[in-house]
Amino acid sequence: MRILVVGGGGREHALAWALHRDGPHSLAVCPGNPGTADIAVNVPGDPFQAALDTGSDLVVVGPEAPLAAGLGDRLRAAGIPCFGPGADCARLESSKWFAKEIMTAAGVPTARGELFRDRESAMDFMAGAPAEWVVKADGLAGGKGVVLPASMEEARRAVDSLLAGASGAVVVEERLTGPEVSVMAVCSGDRAVILPPSRDHKRIGEGNTGPNTGGMGAVCPPPGTGRDFSREALDTVFLPVLRELKSRGMDYRGALYAGMMLTPDGPRVLEFNVRFGDPEAQAVLPVIRGGLADLFMSAALGGGLSEPEAEPGASAVVILASRGYPGPCGTGMPITGLDRVRDVLLFHAGTSIRDGVLVTSGGRVMGITALGENLDRALELCYRAAETVHFDGMTYRRDIGRSL
Ligand code: AMP
Ligand code: GLY
């Protein structure tokens, strides 16, 4: 199969790696990164054009922005199967309020919330109790759209700045507590198969402190989430949402991610993403035994899905980041030691080649993934490899899998 993967981060390297392992496929990645260049052809430029130029049989879209912009629709209209939903379904991620409406209509357990277009009504709704609420931008906000205010002043600032965003609206929602779990499914119309659950570590600092990042590590599966959890997520979240979308004339074909919180009252959905999570994909895809190309193709065509087999044991990802991340950070630092790492996978994100040397080019530089018979072993392998890699200003969390 000729497959084009769209994107250039760790998730896309993991996707390309998993498809390559499935092979033999002819793989291209647009734009890709130095990691994907080892197993695929990197194609710069516009992804739609890249799909035409490479004669792709299947396009697998990594990030949400091209999906929200209608890449899936354009590809399907041109007769190219796409693993990634159309712009209508992508609103599940690009509009928190659309997601809330769908969940409410489908009876999916989620936090109670309201949509506001002006500051006064949003502030009145919070009724002087900011710590009971979460303020969210309605539209895509690049991971910066959620504020948990500690005071009314902070709540006011959050409402003002998020109202200034593209959609001009905020969702104020009940604040829930509990450990978080990421659940990803492959969906084809109103059918879905669940992949093993995982857990991201979003804060920059150990013990879950400091600002939110794109994700500093992940584990799969999180302790306490067995087959019953996945079955419940399928029956109470994914299938009802897909049926609700279908009843509105929307045919979902691609990955769907539910960010869930295990509250004292049971699991609740916090958000949907219309793509695989990153770094979650780097933990989950290597655990799948194979057959992903066929699974993605079948979903892209709206066909039947067979349950993917997963390795026993566990996996972990530790993200190596540049000093300063998630704020401004230096780039161009040479990366060494990669040839000496053992028993792990390295997924590139913020790397580039300069004068023939691999250097850093972003905040999240690369992910180290390991599989083990249990989580302790997977983490041990990741951390052993992390000690071998070096670049100036390299940082990573040492408590992945240890703090919720
Ligand atoms: P989201 O982009 O909606 O996943 O939100 C990002 C993060 O904000 C989540 O991973 C949670 O840690 C937190 N969050 C979102 N919604 C809530 C909520 N209703 N209650 C508590 N924390 C939340
Ligand atoms: N790791 C969270 C996300 O991909 O949105």
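Predicted model only: the values in this text are computed from it and were never measured.

**Focus: the sheet that holds strand E4 (residues 58-61)**
Step number 1: Strand order in the open sheet formed by five strands is E3-E2-E1-E4-E5, and the pairing between neighbours is parallel. Here the strands that pair on one side only, and so sit at the sheet edges, are strand E3 (41-42) and strand E5 (82-83).
Step number 2: As judged from the two bridges shared by strand E2 (residues 26-31) and E3, these two strands associate in the parallel manner. Counterpart to valine 29 in the pairing with E3 is asparagine 42.
Step number 3: Along the sheet face, helix H1 (residues 10-22) touches strand E1 (2-7), E2 and E4 and points at about 165° away from the line of E1.

**A few points about the packing of helix H5 (residues 87-94) against helix H6 (residues 96-106)**
Two packed helices can be described by the angle between their axes and the distance between those axes.
Step number 1: One can describe the packing of H5 onto H6 by two numbers: an axis separation of 6 Å at closest approach and a directional angle of 100°. Judged by the angle between their axes, H5 and H6 are roughly perpendicular. For the pair H5 and H6, the contacting residues are Asp88, Arg91, Leu92 and Ser94 in the first and Lys96, Phe98, Ala99 and Ile102 in the second.
Step number 2: For the contact of H5 with H6, a count of residues per class yields four nonpolar, one polar and three charged.

**Examining the nonpolar core**
Step number 1: Formed by 47 residues in total, the largest nonpolar core has its most connected members in Leu92, Phe238, Leu245, Tyr252, Leu256 and Phe272.
Step number 2: When residues of this core are assigned to their parent elements, the largest contribution, nine residues, is made by helix H9 (residues 227-247).
Step number 3: Each residue touching phenylalanine 272, except ones within four places of it in the same chain, is listed here: Leu92, Glu93, Ala99, Met103, Val237, Val241, Leu256, Tyr257 and Ala258.
Step number 4: If you look at the next biggest cluster of nonpolar residues, it comprises 42 residues, including Ala14, Ile39, Cys220 and Ala255.

**Observations concerning the site of ligand 1**
Step number 1: Ligand 1 sits among 14 residues. The nearest are Glu173, Leu176, Glu180, Lys202 and Glu271.
Step number 2: Glutamate 174 is positioned with one of its backbone polar atoms (N or O) 2.9 Å from a nitrogen atom of ligand 1.
Step number 3: Burial of ligand 1 by the surrounding chains reaches 87%, relative to a free accessible area of 470 Å².
Step number 4: Elements with a contribution of two residues or more to the shell around ligand 1: strand E7 (133-137), strand E9 (170-174) and strand E17 (266-273).
Step number 5: Residue classes in the shell around ligand 1 are distributed as six nonpolar, no polar and eight charged.

**Quick look at H5**
Step number 1: Within the sequence span of H5, burial applies to Cys89, Ala90, Leu92, Glu93 and Ser94.
Step number 2: Tucked into the core, H5 has its buried residues touching helix H3 (64-68), H6, H9, strand E16 (253-263) and E17.

**Thoughts on the site of ligand 2**
Step number 1: If you check the shell around ligand 2, you find Asp200, Gly214, Tyr257, Asn273, Arg275, Gly277, Asp278, Pro279 and Glu280 and nothing else.
Step number 2: One of the side-chain nitrogen or oxygen atoms of aspartate 200 is found 2.7 Å away from a nitrogen atom of ligand 2.
Step number 3: Summarising the interface, the protein chains cover 87% of the accessible area of ligand 2, which totals 200 Å² for the free molecule.
Step number 4: Classifying every residue of the shell around ligand 2 by side-chain character gives two nonpolar, three polar and four charged.

Cut-off values and rules
Residues numbered from 1 in each chain as written. Chains lettered and ligands numbered in written order. Predicted model: local features only at pLDDT ≥ 70, side-chain atom pairs only at ≥ 80, totals over all residues. Heavy atoms only, no water. Pairing = 2+ DSSP bridges. Helix = DSSP H or I, 4+ residues; strand = E, 2+ residues; numbered from the N terminus. Contact = heavy atoms within 4.5 Å. Axes fitted to C-alpha atoms, helices over the stretch in contact; angles between N-to-C directions. Parallel < 35°, antiparallel > 145°, perpendicular 65-115°, else oblique. Nonpolar A, V, L, I, M, F, W, Y, C, P; charged D, E, K, R; others polar. Core = buried A, V, L, I, M, F, W, Y, C linked by side-chain atoms within 4.5 Å. Buried < 20%, exposed > 50% of the residue type's maximum accessible area, 1.4 Å probe, protein only. Near = heavy atom within 4 Å. Polar contact = N/O pair within 3.5 Å; in protein donor to acceptor, adjacent residues only side chain to side chain. Areas by Shrake-Rupley, 256 points an atom, 1.4 Å probe, with all protein chains shown as cover.

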